Each structure stands twice: as C-alpha cells, then as structure tokens.
Amino acid sequence: PPIAITSIFPPTYTLGRRERSISVSQREHLRADGRAGVVSTQRGGQITFHGPGQMTGYLLLDLQRQRMTPRCYIRMLEDSVISCLSHYGITGFTTEDPGVWTSGTRKICAVGVHMRRNVTSFGVGLNVDTDLWWFDRIVACGLEGKEATSFVREG
C-alpha cells in the first residue's frame with residue numbers, strides 16, 4: 001500500500017540530479033557558517049531549501065499498481081496542495097514551471113520526485129512559516145527571477 005511520510009527538516013539545501021556540481025566556495029556559502037546542511041539527492045530538479053516552517057510530504061507509491069502515469073502523479077501532488085491552500089483562502093495554481101504558485105513570480109510549494117521501477121519517492125515542500133531568507137541565497141529550482149513565498153506571507 002502507499003506510504004505517506006511528512007516531516008520538517010533542519011535547515012538543509014538539497015541538490016537534485018539536474019544540479020551541476022557546486023564549488024567548495026558555493027557549498028560554504030550555503031552552509032551559512034554551519035547553520036545549514038548541503039545534501040545531494042536522487043530527486044529530479046535542481047537546488048532547493050528545506051527547513052523549519054516548511055512541511056515536506058513524501059509518498060512511496062507504486063504508480064503501476066495505482067494505474068497512474070508519472071505526469072498524472074505530479075499533477076495529483078500539485079492539485080492536492082492547491083486544494084489545501086484553498087481551505088486557507090490562498091489561491092494556488094500551476095504554470096509551465098514545476099510546483100504550486102500564488103502569482104507569476106511567487107512559488108509556495110516545490111515538487112521534486114524520484115521514480116525507480118515505477119515506485120515514487122520524494123514529493124512536495126510546502127512553505128508554511130518558512131524564513132524565506134534561506135531562499136534568497138539560491139536560485140531555487142534554477143528559476144531566475146522567481147521567489148519563494150509562504151502561507152504566512154500570502155495569508
């Protein structure tokens with residue numbers, strides 16, 4: 001059966017499979033004098049931040065057993081977040097870029113998944129009361145000119 005895992009991480013920058021290797025000086029900058037970790041992951045995408053005030057939700061799910069395509073699965077994750085946001089009076093939507101957005105430039109939820117033999121891992125990072133300063137230190141998900149937002153900022 002599908003397994004859902006939710007968590008809140010200590011300050012951590014994660015590098016997806018599409019992220020080019022970063023230099024020692026970039027890694028030191030991200031560590032913010034030892035206040036954050038930097039970890040390479042198997043999920044898709046580039047660099048993002050996970051930390052206090054952000055709820056991560058990961059599903060371990062056999063897509064074949066659920067009769068779901070990868071595209072359908074990602075859309076289901078995004079639609080679930082959009083539904084959650086609407087319960088709190090926040091309008092969320094998708095764009096051609098991954099994740100859930102509250103405006104053309106503000107992203108409230110990152111989506112990054114990994115699939116192996118049709119089984120998913122990783123999932124979403126929803127900014128609830130996240131200190132957005134952490135995102136100012138990176139080009140999150142490789143999207144120039146975009147910024148992170150949160151429930152607190154939008155609500």
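Procedures and definitions
- Residues numbered from 1 in each chain as written.
- Predicted model: local features only at pLDDT ≥ 70, side-chain atom pairs only at ≥ 80, totals over all residues.
- Heavy atoms only, no water.
- Helix = DSSP H or I, 4+ residues; strand = E, 2+ residues; numbered from the N terminus.
- Rg over C-alpha atoms; globule rule 2.2 N^0.38 Å.
- Buried < 20%, exposed > 50% of the residue type's maximum accessible area, 1.4 Å probe, protein only.
- Areas by Shrake-Rupley, 256 points an atom, 1.4 Å probe, with all protein chains shown as cover.
- Lys, Arg positive; Asp, Glu negative; His and termini not counted.
- Charge placed at Lys NZ, Arg CZ, Asp CG, Glu CD.
- Pairing = 2+ DSSP bridges.
- Phe/Tyr/Trp six-rings, centres within 6.5 Å; stacked < 30°, edge-to-face > 60°.
- Lys NZ or Arg CZ within 6 Å of the ring centre and 35° of its normal.
- Axes fitted to C-alpha atoms, helices over the stretch in contact; angles between N-to-C directions.
- Contact = heavy atoms within 4.5 Å.
- Core = buried A, V, L, I, M, F, W, Y, C linked by side-chain atoms within 4.5 Å.
- Disulfide = S-S within 2.5 Å.
- Salt bridge = Lys/Arg side-chain N within 4 Å of Asp/Glu carboxyl O.

Student: Just to check I follow, could you spell out the overall build of the protein for this structure?
Tutor: The helix and strand inventory of the protein stands at four helices and nine strands. Each helix and strand of the protein, ordered N terminal to C terminal, gives the series β-β-α-β-β-β-α-β-β-β-α-β-α. What you see for the protein is a C-alpha radius of gyration of 15 Å, in line with the 15 Å of a compact globule of 155 residues. For the C-alpha atoms alone, the extent of the protein along its principal axes is close to 45 × 35 × 25 Å. For the protein, buried positions account for 43% of its 155 residues. With the model as given, the accessible surface of the protein reaches about 8,800 Å², and the carbon-plus-sulfur share is 53%. Computed over 18 positive and 14 negative side-chain charges, the separation of the two mean positions in the protein equals 9 Å.

Student: When you look at unusual backbone geometry in this model, what are you seeing that I'm missing?
Tutor: With the exception of glycine, the majority of residues adopt a negative phi angle, and the majority of peptide bonds are in the trans configuration. At Arg67, a position not held by glycine, the phi torsion is positive, near 55 degrees. Here Arg67 shows up in the loop between β5 (54-60) and α2 (70-87). The exposed category is assigned to Arg67, whose relative accessible area is 79%.

Student: Looking at this structure, I do not really get the pairing of strand β4 (residues 47-50). What am I missing?
Tutor: The two faces of a sheet get side chains in turn, since along a regular strand they alternate between them. The two faces of β4 match: Ile47 and Phe49 on one face and Thr48 and His50 on the other face are all buried. As defined by bridge partners, strand β2 (residues 12-15) adjoins β4 across four bridges and the pair is classed as antiparallel. Across the sheet, Leu15 pairs through a bridge with Ile47, a residue of β4.

Student: Looking at this structure, how should I read the packing of aromatic side chains?
Tutor: Two aromatic rings, taken as a pair, are described by how far apart their centres are and by the angle between their planes. The tally for this structure, following the rule as stated, stands at eight aromatic pairs. Grouped by ring-pair contacts, the aromatic residues Tyr13, Phe49, Trp133, Trp134 and Phe135 constitute a single cluster. Its end group placed over the ring of Trp101, Lys146 keeps NZ or CZ at 5.6 Å from the ring centre.

Student: I'm lost on the sheet that holds β2 in this one. Help?
Tutor: Two pairing modes exist for strands in a sheet, parallel and antiparallel, and in both the strands are linked by backbone hydrogen bonds. Within the open sheet, the three strands sit side by side as β3-β2-β4. Their pairing is mixed. On the outer flanks of this sheet lie β3 (37-40) and β4, each paired with one strand and no other. Taking each pair of neighbouring strands and ignoring which way they run, the sheet shows an average axis angle of 25 degrees. On top of the sheet, helix α1 (residues 24-31) reaches β2, β3 and β4; it is set at about 125 degrees to β3, its chief contact.

Student: Even after reading the chapter, I still don't get the nonpolar core, so can you show me in this structure?
Tutor: Nonpolar side chains in soluble globular proteins tend to be buried together. Within the largest apolar cluster, 16 residues are counted, with the highest numbers of intra-cluster contacts made by Tyr73, Val81, Leu85, Ile108, Cys109 and Leu126. Dropping the residues within four chain positions of it, Val81 is found in contact with Val100, Cys109, Val124 and Leu126. Residues Ile22, Ala36, Phe49 and Ala148 belong to the second largest nonpolar core, which totals 14 residues.

Student: Help me understand the state of the cysteines in this model?
Tutor: Put plainly, two cysteines are in a disulfide when a covalent bond ties their sulfur atoms together. Per the counting criterion, the structure on display carries zero disulfides. The closest cysteine sulfur to the non-disulfide-bonded Cys84 is located on Cys109, 9.2 Å from its own sulfur. Here Cys141 stays unpaired: no disulfide links it, and the sulfur of Cys109, its closest cysteine neighbor, is 9.8 Å away.

Student: Before we go on, may I ask you to explain the pattern of salt bridges in this structure?
Tutor: Pairing between side chains of opposite charge can happen when their charged atoms approach one another. Within the structure shown, the criterion is met by four salt bridges. In this structure, Arg31 engages Glu28 in a salt bridge whose closest nitrogen and oxygen atoms are separated by 2.7 Å. With Arg31 and Glu28 both in helix α1, this residue pair falls three residues apart, about one helical turn. Overall, Glu28 belongs to the partly exposed group, its relative accessible area being 45%. Glu147 is the salt-bridge partner of Arg153, the closest N and O atoms lying 3.3 Å from each other. Here Arg153 falls in the partly exposed class, since its relative accessible area comes to 41%.

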